[in-house]
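Structural characterization, general
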Amino acid sequence: LGGTPRLVVTAPASVAGTYQVGVAQFGAALNSPGITGEVMPLDDTAASQACTALNTLNAAAVAGKIALLDRGTCGFTVKVKNAQNAGAIAVLIADNVPGSPPAGITGTDPSITIPAVRITQADGATLRAALKTRSRLHSGMSANLGLNLAIRAGADASNRPLLFTPNPFQSGSSVSHYDTTA
């Protein structure tokens, strides 16, 4: 299979690193070298879910950037479409429940043309904490969203297959399937 989907944050140094992502069934597929841009959250809690069209300030904040949204009360395609309509180049959706690796994103909307991924609740909190000191239009957080072609999807760095072993136990899915990122 192709490479492993990932988010690589390069700045600021306090959160730099590689983060696991769950890919969307809709929008542009991740590729290599991927999309590089500034990560920008929305301004308030209600807006951060992007269930309605973004207001002027939030639209200006995410235009030309990777939007960081929260999972919430509306469908994934609604969130991503609202961010795309505001000019975002990609979307990160921070989960609202703990768990790893992040699951994929379901939905269908052929009008969505930007990539979207889910990150874990913990990773979302880490990135948001680093973004608290941002300005209204710039965050200083640089990231690349794409594929690591050196590691096969569903494998670790040594090309050993990853198993899906959730804790707590999930009926029908514990230790019997490959990693959900494959």
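The structure this text deals with has already been given above.
What comes next concerns the included structure. Source: prediction; values computed, not measured.

Our focus in this paragraph is the pairing of strand 2 (residues 17–20). Bridging between strand 1 (residues 3–11) and strand 2 involves 4 bridges; their strand directions are antiparallel. Paired with leucine 7 across the strands is tyrosine 19, a residue of strand 2.

Quick look at the state of the cysteines now. In protein chemistry, a disulfide is the covalent bond that joins the sulfur atoms of two cysteines. In total, this model carries 1 disulfide according to the counting rule given. For cysteine 51, the disulfide goes to cysteine 74, at an S-S distance of 2.2 Å. In this structure the cystine formed by cysteine 51 and cysteine 74 twists about its S-S bond by roughly -90°; its chirality is therefore left-handed. With cysteine 51 in the loop between strand 4 (35–41) and helix 1 (56–62) and cysteine 74 in the loop between strand 5 (66–70) and helix 2 (76–85), the pair connects residues that are 23 residues apart, well separated along the chain.

Moving on, we get to unusual backbone geometry. In this chain, alanine 11 is followed by proline 12 through a cis amide linkage whose omega measures 0°. Note that proline 12 resides in the loop between strand 1 and strand 2. Following serine 32, the chain continues into proline 33 via a peptide bond in cis, with omega recorded as 15°. Note that proline 33 resides in the loop between strand 3 (22–23) and strand 4. A positive phi angle is found at alanine 50, which is not glycine, with a value near 55°.

Our next topic: the pairing of strand 5. Of all the 5 residues making up strand 5, 4 are buried; the element is thus mostly covered by neighbouring parts of the structure. As judged from the 5 bridges shared by strand 5 and strand 6 (residues 90–94), these two strands associate in the parallel manner. The partner of aspartate 70 across the bridge, within strand 6, is alanine 94. The parallel pair strand 5 and strand 6, bridged by helix 2, forms a crossover whose chirality is right-handed.

The next thing to look at is the environment of serine 111. Checked against the element boundaries, serine 111 lands in the loop between strand 6 and strand 7 (116–119). Assessed through its relative accessible area of 33%, serine 111 is described here as partly exposed. Those residues in contact with serine 111, other than ones at most four positions away along the chain, are Lys81 and Gln84. For serine 111, the side chain forms a polar contact with the side chain of lysine 81, separated by 2.5 Å.

Tracing the backbone shows leucine 69 in strand 5. Overall, the relative accessible area of 0% leaves leucine 69 in the buried class. The sequence separation of leucine 69 and arginine 118 amounts to 49 residues, and the corresponding C-alpha distance is 9.4 Å.

Along helix 3 (residues 121–131), the residues classified as buried are Asp123, Gly124, Leu127 and Leu131. Seen from one end, helix 3 has its buried residues packed into an arc of 100°, which puts them on one side. Looking at the buried side of helix 3, the elements it contacts are strand 1, strand 2, strand 4, strand 5, strand 6 and strand 7.

Take the pattern of salt bridges next. All told, the structure shown has 3 salt bridges when counted by the stated rule. A salt bridge links aspartate 70 to arginine 128; the nearest nitrogen and oxygen atoms lie 2.9 Å apart. Here arginine 128 lies in helix 3 and aspartate 70 lies in strand 5, a separation of 58 residues in the sequence. In this structure, the salt-bridge partner of aspartate 95 is arginine 118, at a minimum N-O distance of 3.3 Å. Highlighted residues: aspartate 95 in the loop between strand 6 and strand 7 and arginine 118 in strand 7, separated in sequence by 23 residues. Relative accessible area serves as the criterion here: at 11%, aspartate 95 is assigned to the buried category. By sharing partners, the salt bridges in this structure join Arg71, Asp95 and Arg118 into a single network.

What counts and how
Within every chain, residues take consecutive numbers counted from 1 along the sequence as written. Since the coordinates come from a predicted model, pLDDT governs what is reported: local features require at least 70, and pairs of side-chain atoms require 80 or more to be given and counted, while whole-chain, interface and lining totals use all residues. Only heavy atoms go into the side-chain values, all of them from the structure, while hydrogens and water stay out. Paired strands, in this sense, are two strands between which DSSP finds at least two bridges. Helix and strand definitions here come from DSSP, where helices need a minimum of 4 consecutive H or I residues and strands a minimum of 2 consecutive E residues; each element is numbered from the N-terminal end. For the purposes of this analysis, a disulfide is any pair of cysteine sulfur atoms at a distance within 2.5 Å. Residue exposure (1.4 Å probe, protein chains only): buried if accessible area is under 20% of the type maximum, exposed if over 50%, otherwise partly exposed. Note on handedness: a clockwise path from strand one over the helix to strand two, with the strands aimed away from the viewer, defines a right-handed crossover. A contact between two residues is defined here by any heavy atoms of the two lying within 4.5 Å. Any pair of N or O atoms that falls within 3.5 Å is considered a polar contact. Within protein, one atom must be able to donate a hydrogen and the other to accept it, and sequence-neighbouring residues count only if both atoms are side-chain atoms. The directions considered for the arc are those from the helix axis to the C-beta atoms. Only one rule defines a salt bridge in this text: a Lys or Arg side-chain nitrogen within 4 Å of an Asp or Glu carboxyl oxygen.

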